[in-house]
Amino acid sequence: MRLRRSPPPNTLRPGRPRIASSPHSPGRRWAWAGALCGALLSAVLGAPARWLADVVQQLSHDQVQLLLPRGTVWNGSAQLVLTGGSGSQDRSTLPGRLQWQLQPSLGGLGLNLSLPCCTDPALQIRLSPNWGGLSVQVQDHHSHWPAALLNGLGTPFNTLQVQGRLELASQGLQLQWIAGRVHLDGQLRIEARDVSSRLSTLRPMGSYQVTLQGGDSPTLQLKTLEGSLLLEGQGQWVGSRLRFEGAAQAAPEHEAALDNLLNIIGRRHGARSIITLGS
């Protein structure tokens, strides 16, 4: 009986060699691209709130500041501060924290702003890009603000040091930037109630209404609702400049108490103080 010899170990037929995966293969490139996209998306979604605070401060030339920001660009909060601009010592801080939510969509961005002291319900704004510009649409709303907030903006409010409350109401308000030009539609009404100033011992001096009306040539109207300091005036935007003419006068029984204020807010012409802007 003949035995079959087994081949020596070194004579076995080798298997097919394994080909190492190339770092430049299509599969590896797609994996790296996916990882990069994921990292970028994570960075965008987690962008810190301070980035938004820096943008707001730069665009407003330091007049609007979001201090001690928390959260992200998309959902965060901060203290709202108004100042007179770069280098100004004037500033006013609202109580509580301003909270915001940014909600992206195919048509643009939805922005919700909420401040416990002043906005109830939240202020809703829609930002939409358009051909060569941007559209900002404000949902009709009504809010209340302390008039002392204006004192942080510097001249002339830092001299007047006004007190009272502001009631803001908008209707169909929309701003459009097209090719570097601004177009305003809708109406914004501001009522200043029970206004007083450190320049007069009379408290309050009165209540007033300012109406901003949009259109091809937006207009501004000031009138007195009640009080001893009588204010009136009208203005119009010519290009980007506001031209306003108005007058202030005291009720006869309060001329002495308001004389110092009338000397400061305008040019005296007898019992009246003439107020002009942009001319």
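Please read these numbers as outputs of a predicted model, since none were measured by experiment.

About the cut-offs
- Residues numbered from 1 in each chain as written.
- Predicted model: local features only at pLDDT ≥ 70, side-chain atom pairs only at ≥ 80, totals over all residues.
- Heavy atoms only, no water.
- Core = buried A, V, L, I, M, F, W, Y, C linked by side-chain atoms within 4.5 Å.
- Buried < 20%, exposed > 50% of the residue type's maximum accessible area, 1.4 Å probe, protein only.
- Helix = DSSP H or I, 4+ residues; strand = E, 2+ residues; numbered from the N terminus.
- Contact = heavy atoms within 4.5 Å.
- Disulfide = S-S within 2.5 Å.
- 1 Å grid on protein atoms, 1.4 Å probe; cavity = no way out; pocket = protein on both sides within 12 Å on 5 of 7 lines; lining within 4 Å.
- Points joined across faces, edges and corners; volume = space filled by probe spheres on them.
- Nonpolar A, V, L, I, M, F, W, Y, C, P; charged D, E, K, R; others polar.
- Pairing = 2+ DSSP bridges.

(A) How the structure looks around the nonpolar core. Judged by nonpolar contacts, the single largest core of 48 residues is most densely connected at Trp 145, Met 205 and Leu 229. Sorting elements by how many residues they give to this core places strand S10 (residues 181–196) first, with four residues. When near neighbours in sequence (up to four residues on either side) are disregarded, Leu 229 contacts Met 205, Tyr 208, Thr 224, Ala 248, Gln 249, Leu 258, Leu 261 and Leu 262.

(B) Main features of the state of the cysteines. In the structure shown here, the tally under the stated rule is one disulfide. Bridging Cys 117 to Cys 118, the disulfide has an S-S length of 2.4 Å. Linking Cys 117 and Cys 118, the disulfide has an S-S dihedral of approximately -75° and is accordingly described as left-handed. In this structure Cys 117 comes out as partly exposed when scored by relative accessible area, which is 35%.

(C) How the structure looks around the layout of surface pockets. Its boundaries defined by the atoms lining it, the second largest pocket holds a volume of some 380 Å³. What lines the second largest pocket is simply Arg 181, Val 182, His 183, Leu 184, Leu 212, Gly 215, Asp 216, Ser 217, Pro 218, Trp 237, Gly 239 and Ser 240. At the level of elements, S10 and strand S11 (206–215) are the ones that each hand at least two residues to the lining of the second largest pocket. For the lining of the second largest pocket, the leading source of residues is S10, giving four residues. A breakdown of the residues in the lining of the second largest pocket according to their chemical character gives five nonpolar, five polar and two charged.

(D) How the structure looks around the pairing of strand S9 (residues 163–178). In terms of strand pairing, strand S7 (residues 133–138) meets S9 through five bridges, oriented antiparallel. Across the sheet, Leu 134 pairs through a bridge with Trp 177, a residue of S9. Where S9 lies against S10, 13 bridges are found, and the strand directions are antiparallel. What sits directly across from Leu 168, in S10, is Ile 190.

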